[in-house]
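Residue-level structural notes
Now for the letters of each chain:
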Amino acid sequence: MDNQAMQLTNERWQAIMNNDKSYDNIFIYAVKSTGICCRPSCNSRDPKKENVLIFNNADEAMSAGFRPCKRCKPGGIRLPDEEWVIQMKEYIEGNYHEAITLEILADVCHGSPYHLQRTFKRITGLTPAEYIQQVRMSHAMRELETTDKSVAEVGFAAGFPNTPYFITLFKKKTGQTPKQYQKTRMEV
């Protein structure tokens, strides 16, 4: 992935940390953990230094597999909404067990919370919160089908730290409590 990448010097790192516009036409940086490339002046969350790769321009970064940031549009290129939603879904599916707010999702995926919410709903028919809940519920169901862990353990592992809320939501979605669901699945 980083065969074309240049060295991350202290000067370049400082330009990224300071959102220095004067470096925008000198290099583009990409973040391995998010798969996004940005201008040095981008106001997105500061990346971890070990995840940063440096490229001459957006085309190089994109040919190395990175997608352009929705906020700063490196090289004037805009990420299509469908790809942006795929990026959001990938983040949710990889981090469902953690707290995910609209602000966190917008920060990680480089967009405004309002625009992100509207775009996600338009393309998927669900809000990000509904999608997160769906992903968590499916992981919980899988866990209940394959283990004898307690309801609290399953709920917590799926991203529901509040056990009574998890039980109520699970029953609302499936018509059974998690324990009933687990018992019927384990008997099969």
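Conventions used here
- Residues numbered from 1 in each chain as written.
- Predicted model: local features only at pLDDT ≥ 70, side-chain atom pairs only at ≥ 80, totals over all residues.
- Heavy atoms only, no water.
- Phe/Tyr/Trp six-rings, centres within 6.5 Å; stacked < 30°, edge-to-face > 60°.
- Buried < 20%, exposed > 50% of the residue type's maximum accessible area, 1.4 Å probe, protein only.
- Helix = DSSP H or I, 4+ residues; strand = E, 2+ residues; numbered from the N terminus.
- Pairing = 2+ DSSP bridges.
- Expected span 1.5 Å × (residues − 1).
- Arc of directions from axis to C-beta.
- Contact = heavy atoms within 4.5 Å.
- Lys, Arg positive; Asp, Glu negative; His and termini not counted.
- Salt bridge = Lys/Arg side-chain N within 4 Å of Asp/Glu carboxyl O.
- Polar contact = N/O pair within 3.5 Å; in protein donor to acceptor, adjacent residues only side chain to side chain.

**Thoughts on the packing of aromatic side chains**
Aromatic rings in a pair are described by how distant their centres are and how their planes are angled relative to each other. Tallied over the entire structure, the rule returns seven aromatic pairs. Geometrically, the ring pair formed by Tyr23 and Phe27 is edge-to-face, given 6.1 Å between the ring centres and 65 degrees between the ring planes. Each member of the pair, Tyr23 as well as Phe27, is classed as buried. With a centroid separation of 5.3 Å and 70 degrees between ring planes, the pair formed by Phe170 and Tyr181 is classed as edge-to-face. Here Phe170 is found in helix α8 (residues 163–174), whereas its partner Tyr181 is found in helix α9 (residues 178–187), with eleven residues between them in sequence. Summarising the burial analysis for this pair, Phe170 and Tyr181 share the class buried. Feature note: the residues Phe160, Tyr165, Phe166, Phe170 and Tyr181 constitute an aromatic cluster, connected by ring pairs.

**Description of the pairing of strand β3 (residues 52–55)**
Alternating positions in β3 separate into two faces, Val52 and Ile54 on one and Leu53 and Phe55 on the other, with burial throughout. Across four bridges, the pairing between strand β1 (residues 28–31) and β3 is antiparallel. Bridging across to β3, Ile28 finds its partner in Phe55.

**Brief notes about helix α5 (residues 113–124)**
For α5, spanning twelve residues, the distance from its first C-alpha to its last is 16 Å, which sits close to the expected 16 Å at 1.5 Å a residue. Those residues of α5 that sit buried are Leu116, Thr119 and Phe120. For α5, the buried positions fall inside an angular range of 100 degrees around the axis, keeping them on one side. Of the residues in α5, the exposed ones pointing more than 90 degrees away from the buried face are Tyr114 and Arg122. Elements in contact with the buried residues of α5: α3 (81–95), α4 (102–108) and α6 (128–146). Where α5 terminates, the next one or two residues include Gly125, which has phi positive at roughly 85 degrees.

**Section: the side chain of Arg136**
Note on placement: Arg136 falls in helix α6. One buried charged side chain, Arg136, makes no salt bridge at all; its nearest oppositely charged neighbour is Glu98, positioned 8.2 Å away. Within the structure, Arg136 has its side chain in polar contact with the backbone oxygen of Glu98 (distance 2.6 Å). Leaving out residues up to four positions away in the same chain, Arg136 has contacts with Tyr96, Glu98, Ala99, Ile100, Ala158, Gly159 and Phe160.

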